Amino acid sequence: MQPQFIIIHQQVAPYVAHIQLNRPKELNALNLQLMSELRDALKALDADDTVRAIVISGNEKAFAAGADIKQMADKTAIDMLNIDQFSTWDAIKKTRKPVIAATSGFVLGGGCELAMLCDMIVASETTRFGQPEIKLGIMPGAGGTQHLTRAVGKALAMEMVLTGRMISATEALQAGLINKVVPVELYLQEAVNLAAEIAEKSPIAVKLAKEAVLKAFDTTLEEGLHFERKNFYLLFASQDQQEGMQAFIEKRPPVFKGK
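What counts, and where the lines are drawn
Residues numbered from 1 in each chain as written. Predicted model: local features only at pLDDT ≥ 70, side-chain atom pairs only at ≥ 80, totals over all residues. Heavy atoms only, no water. Phe/Tyr/Trp six-rings, centres within 6.5 Å; stacked < 30°, edge-to-face > 60°. Buried < 20%, exposed > 50% of the residue type's maximum accessible area, 1.4 Å probe, protein only. Patch = residues over 30% accessible without salt bridge, like charges linked within 9 Å, V, L, I, M, F, W, Y side chains within 5 Å. Areas by Shrake-Rupley, 256 points an atom, 1.4 Å probe, with all protein chains shown as cover. Salt bridge = Lys/Arg side-chain N within 4 Å of Asp/Glu carboxyl O. Helix = DSSP H or I, 4+ residues; strand = E, 2+ residues; numbered from the N terminus. 1 Å grid on protein atoms, 1.4 Å probe; cavity = no way out; pocket = protein on both sides within 12 Å on 5 of 7 lines; lining within 4 Å. Points joined across faces, edges and corners; volume = space filled by probe spheres on them. Nonpolar A, V, L, I, M, F, W, Y, C, P; charged D, E, K, R; others polar. Disulfide = S-S within 2.5 Å. Pairing = 2+ DSSP bridges. Contact = heavy atoms within 4.5 Å. Axes fitted to C-alpha atoms, helices over the stretch in contact; angles between N-to-C directions.

Notes on the packing of aromatic side chains
1) Next: Scanning all chains against the criterion turns up two aromatic pairs.
2) Next: For the ring pair Phe232 and Phe236, a centre distance of 5.3 Å and an interplane angle of 65 degrees mean the geometry is edge-to-face.
3) Next: By relative accessible area, which is 48% here, Phe232 ends up partly exposed.
4) Next: A relative accessible area of 40% places Phe236 in the partly exposed class.
5) Next: An aromatic cluster of at least three residues, connected via ring pairs, comprises Phe232, Tyr233 and Phe236.

Quick look at a nonpolar patch on the surface
1) Next: Together, Phe232, Tyr233, Phe236 and Met245 line one region of the surface with nonpolar side chains, adding up to about 460 Å² of accessible area.
2) Next: Its place among the elements puts Phe236 in the loop between helix H11 (221-234) and helix H12 (239-249).

Considerations on the layout of surface pockets
1) Next: Computed from the structure, the largest pocket encloses a volume of approximately 1,100 Å³.
2) Next: Lining the largest pocket are 38 residues, with Leu117, Cys118, Asp119, Leu214 and Phe217 sitting closest to its centre.
3) Next: Looking at the lining of the largest pocket, the elements that each hand over two or more residues are helix H4 (86-93), helix H5 (110-117), strand E7 (120-124), helix H6 (144-152) and helix H10 (203-215).
4) Next: In terms of residue count, the dominant contributor to the lining of the largest pocket is H10 (eight residues).
5) Next: The residue inventory of the lining of the largest pocket, partitioned by class, reads 22 nonpolar, five polar and 11 charged.
6) Next: Lining the second largest pocket are 37 residues, with Ala67, Ile69, Met72, Gln85 and Ile138 positioned closest to its centre.
7) Next: Secondary-structure elements contributing two or more residues to the lining of the second largest pocket are helix H1 (32-46), helix H2 (69-72), helix H3 (77-83), H4 and H5.
8) Next: Top element by residues in the lining of the second largest pocket is H2. It accounts for four residues.
9) Next: When the residues that make up the lining of the second largest pocket are grouped by side-chain class, the tally is 20 nonpolar, nine polar and eight charged.

Thoughts on the pattern of salt bridges
1) Next: Across all of its chains, the model carries nine salt bridges by this definition.
2) Next: Residue Arg165 pairs with Glu159 through a salt bridge whose shortest N-O separation is 2.7 Å.
3) Next: Judged by relative accessible area, which is 29%, Arg165 ranks as partly exposed.
4) Next: The salt bridge partner of Glu171 is Arg165, with a shortest N-O separation of 2.9 Å.

Description of unusual backbone geometry
1) Next: Positive phi outside glycine occurs at Gln11, with the angle close to 55 degrees.
2) Next: Along the polypeptide, Gln11 turns up in strand E1 (residues 6-13).
3) Next: The phi dihedral of Leu27 falls on the positive side, at around 55 degrees, and the residue is not glycine.
4) Next: Tracing the sequence through the fold places Leu27 in the loop between strand E2 (16-21) and H1.
5) Next: Look at Leu27 and you get partly exposed, because its relative accessible area is 28%.

Observations concerning the state of the cysteines
1) Next: This model, assessed by the stated rule, comprises zero disulfides.
2) Next: Here Cys112 stays unpaired: no disulfide links it, and the sulfur of Cys118, its closest cysteine neighbor, is 11 Å away.
3) Next: On the basis of relative accessible area, Cys112 is assigned to the buried category, the value being 1%.
4) Next: Classification of Cys118 as buried rests on a relative accessible area of 9%.

What about the sheet that holds strand E9 (residues 167-168)?
1) Next: Strand order in this open sheet of four strands is E4-E6-E8-E9, and the pairing throughout is mixed. Whereas interior strands pair on both sides, the edge strands pair on one side only; in this sheet they are strand E4 (62-64) and E9.
2) Next: Across two bridges, the pairing between E4 and strand E6 (residues 106-108) is parallel. Each bridged residue has a counterpart across the sheet, and for Ala64 the counterpart in E6 is Val107.
3) Next: Where H5 meets the sheet, it contacts E4, E6 and strand E8 (128-130), and its direction lies at approximately 90 degrees from that of E6.

Things to note about the side chain of Thr103
1) Next: Along the chain, the position of Thr103 falls in strand E5 (residues 99-103).
2) Next: Take Thr103: its relative accessible area is 0%, and that puts it in the buried class.
3) Next: In this view, Thr103 contacts Phe63, Ala115, Ile121, Val122, Ala123, Ser124, Thr127, Phe129 and Tyr187; residues no more than four positions away in its chain are not counted.

Rendered as structure tokens:
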């Protein structure tokens, strides 16, 4: 079934796919259907051997300006519990291949949380990040209080969450929330370039390295080091490891096949 609220672009660069959020009139507000379509697309691309890295974008005006408030305004606590919308977010978080957010304009509420769910963020100069849920009498619910605090620290996260203040792309870069800031006409291409650079590497090594970095957020240093070493040893069972080291010795570019 053709998705209604996302557009999937295959092979925008070698081994790179691009998913564009496509509700422009609503500034890409994240309704339940869009998130389900995004979940399904990421699951399919994660299983596709012709894809090694994924870029998610909106448009120049908005990556996503938040959740679709109209879908939630009349809901009760039990309604929200039964809808269980965050199970979709949990599934998206399990994407094993690297995911890069290409952001411009508004990246607010659920949009900010979705960007933080990605592994890296490339932002245009016009990007504004924020968690304005407090202005609606609620709070972030898709990881905003947790991911933001881990990314920018307690003080700035508290200010953003408790006041709803937006920060600029420059401030986000200084705080460690994003990877780079570029002119608005380049933000998508820069994200694709970053994805393409990663896609040149061994897909097995990339997956296990991503897994190890993410492990740092939910374990002790000692356990994280143990996990890292196991993944390191495991890669010596791959053909890519043999190819990479042999190519280094022979002073030639490696050709990784994901085996």
